[in-house]
Amino acid sequence: MSGTGENTPLLSRGCVLCYEGAKMVLFVTGRCGRDCWYCPISEKRRNGDAIYANDRVVTTPADIIEEAETMSALGSGITGGEPFLVLDRVVRSCRLLKEHFGPDHHIHLYTGIAPTEAQLLPLRGLVDEVRLHPPQEVWGRILESPYARSVRTARRLGFSIGIEVPSLPDIEALRAILPELDFLNINELEWSETNAEAMRARGLDLEDGLHNAVGGAAALADMLLDDPKVHFCSSSFKDSVQLRERLRRIAENTARPFDEITRDGTVVYGVLELEDGALPAILSEHRYDIEVSGNQVEMAWWVLAELKHELPGKKSVIERYPNGGIILEVTPL
Ligand code: SF4
């Protein structure tokens, strides 16, 4: 996850917890006053007002707490859209999380605006770390921009303050503001269904067939990596380490006794489809842990493999994301 520079990056607390997969992502609105050409928000979320905790739509405070507990979250990242468009909602959510999990539940907040003192004050004691996302057009005059004022105000109010932007040309101009920041995070520019056309129009292409990284985006960050406050977060890191660690936390809390948790945080189990709806005697004798739902019996995959010839019906081994997540592989037995 670290950059390729010689100095060890000074990771923000939010990044450390993210690395451990311990941050819940709270997407508070799909609305945003800006229209960045590279915006990665999906069509489904963009301009909508639904709230998502990780990938789940949440409608009540209890839903938010349940999702955070499912992954044993040690912190949350507030994102959108533009969180300051729904400031009351952000305040309520942060208060809920801090009250339930305690003041150590670390909260960072992304924003595309340059918040004023009046906008930041309600977040004092609730948000620990503010991550500003100034538009590319102001990078060249960042010290004269309202973002520099926000940096100073946030620092005075006691927030940890940083900038987080995608790796785009001219990023080296942000070196001017580094002395005033706690950190500068550079995200590898990522391809998505919603920005693909804009990427192509700029002559950009995918780095490889494996990840969503845009070709050449990583190299742009290189010239800033000599400063330990600068941290480069690659697309492959997000896809692999961060996701894997989050899945593992969820799997540990939600796996049934017979589910096998893989190193990637997925769960594997066996499924028997009953031919006539009747549970075979060998399974009804309570010798094995099973779960019956309709004409499906779920059990440890190795039990199903062992009893393969004694059990009539279609048998398969399933690998999926934990907590009823997407099915990745079905292998017939
Ligand atoms: S500020 Fe963020 S959410 Fe808003 S358009 Fe830009 S990338 Fe999308």
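Criteria and thresholds
Residues numbered from 1 in each chain as written. Predicted model: local features only at pLDDT ≥ 70, side-chain atom pairs only at ≥ 80, totals over all residues. Helix = DSSP H or I, 4+ residues; strand = E, 2+ residues; numbered from the N terminus. Buried ≥ 20, exposed ≤ 12 C-beta atoms within 10 Å, placed from the backbone. Arc of directions from axis to C-beta. Contact = placed C-beta atoms within 7 Å. Domains from an automatic or database assignment. Nonpolar A, V, L, I, M, F, W, Y, C, P; charged D, E, K, R; others polar. Pairing = 2+ DSSP bridges. Axes fitted to C-alpha atoms, helices over the stretch in contact; angles between N-to-C directions. Expected span 1.5 Å × (residues − 1). Core = buried A, V, L, I, M, F, W, Y, C linked by C-beta atoms within 7 Å.

Examining the overall build of the protein chain
Turning to step 1, where the next piece is worked out: Regarding its fold elements, the protein chain presents 10 helices and 15 strands.
Turning to step 2, where the next piece is worked out: With the principal axes as the frame, the protein chain shows a C-alpha extent of 75 × 45 × 35 Å.
Turning to step 3, where the next piece is worked out: A burial count over the protein chain gives 35% of its 333 residues as buried.

Remarks on helix α2 (residues 61-70)
Turning to step 1, where the next piece is worked out: I64, E67 and A68 are the residues of α2 that are buried. Viewed end-on, α2 has its buried residues packed into an arc of 100 degrees, placing them on one side of the element.
Turning to step 2, where the next piece is worked out: Of the surrounding secondary structure, the elements contacted by the buried residues of α2 are β1 (23-27), β2 (51-53), β3 (56-58), β4 (75-79) and α3 (87-101).
Turning to step 3, where the next piece is worked out: Just past α2, the residue S72 takes up positive phi, approximately 45 degrees.

With respect to the domain arrangement of the protein chain
Turning to step 1, where the next piece is worked out: By the assigned domains, the protein chain splits into domain 1 (13-250) and domain 2 (256-332).
Turning to step 2, where the next piece is worked out: The centre of domain 1, based on its C-alpha atoms, is set 39 Å off from the matching centre of domain 2.
Turning to step 3, where the next piece is worked out: Listed by partner, the interface residues are 5 residues for domain 1 and 6 residues for domain 2.
Turning to step 4, where the next piece is worked out: Here the side of domain 1 that touches domain 2 gets 4 residues from one element, more than from any other, and that element is helix α8 (residues 235-254).
Turning to step 5, where the next piece is worked out: In terms of residue class, the side of domain 1 that touches domain 2 is built from 2 nonpolar, 1 polar and 2 charged.

Considering the sheet that holds strand β7 (residues 160-166)
Turning to step 1, where the next piece is worked out: On the basis of which strands lie adjacent, the open sheet formed by 9 strands has the order β3-β2-β1-β4-β5-β6-β7-β8-β9 and mixed pairing. At either end of the open sheet lies a strand with only one pairing partner, and these are β3 and β9 (230-233). For this sheet, the mean inter-axis angle between neighbouring strands, taken without regard to orientation, is 25 degrees.
Turning to step 2, where the next piece is worked out: Each of β1, β2, β3 and β4 touches α2; the most contacted strand, β3, lies at about 145 degrees to it.

Structural notes on α3
Spacing of three or four residues puts side chains on the same side of an α-helix, whose turn is 3.6 residues.
Turning to step 1, where the next piece is worked out: End to end, α3 covers 21 Å across 15 residues, agreeing with the expected 21 Å (1.5 Å per residue, within 8%).
Turning to step 2, where the next piece is worked out: For α3, the set of buried residues is V90, S93, C94 and L97. Taken around the axis of α3, the buried residues stretch over an arc of 95 degrees, which confines them to a single face.
Turning to step 3, where the next piece is worked out: Contacts from the buried residues of α3 go to β1, α2, β4 and β5 (106-111).
Turning to step 4, where the next piece is worked out: Remark: G102 follows α3 within two positions and exhibits a positive phi of approximately 100 degrees.

Comments concerning the nonpolar core
Turning to step 1, where the next piece is worked out: Within the largest apolar cluster, 58 residues are counted, with the highest numbers of intra-cluster contacts made by V127 and I171.
Turning to step 2, where the next piece is worked out: Sort the elements by how many residues they give to this core and strand β11 (residues 267-273) lands first, with 5 residues.
Turning to step 3, where the next piece is worked out: Looking at which domains feed residues into this core, each of domain 1 (13-250) and domain 2 (256-332) supplies at least three.

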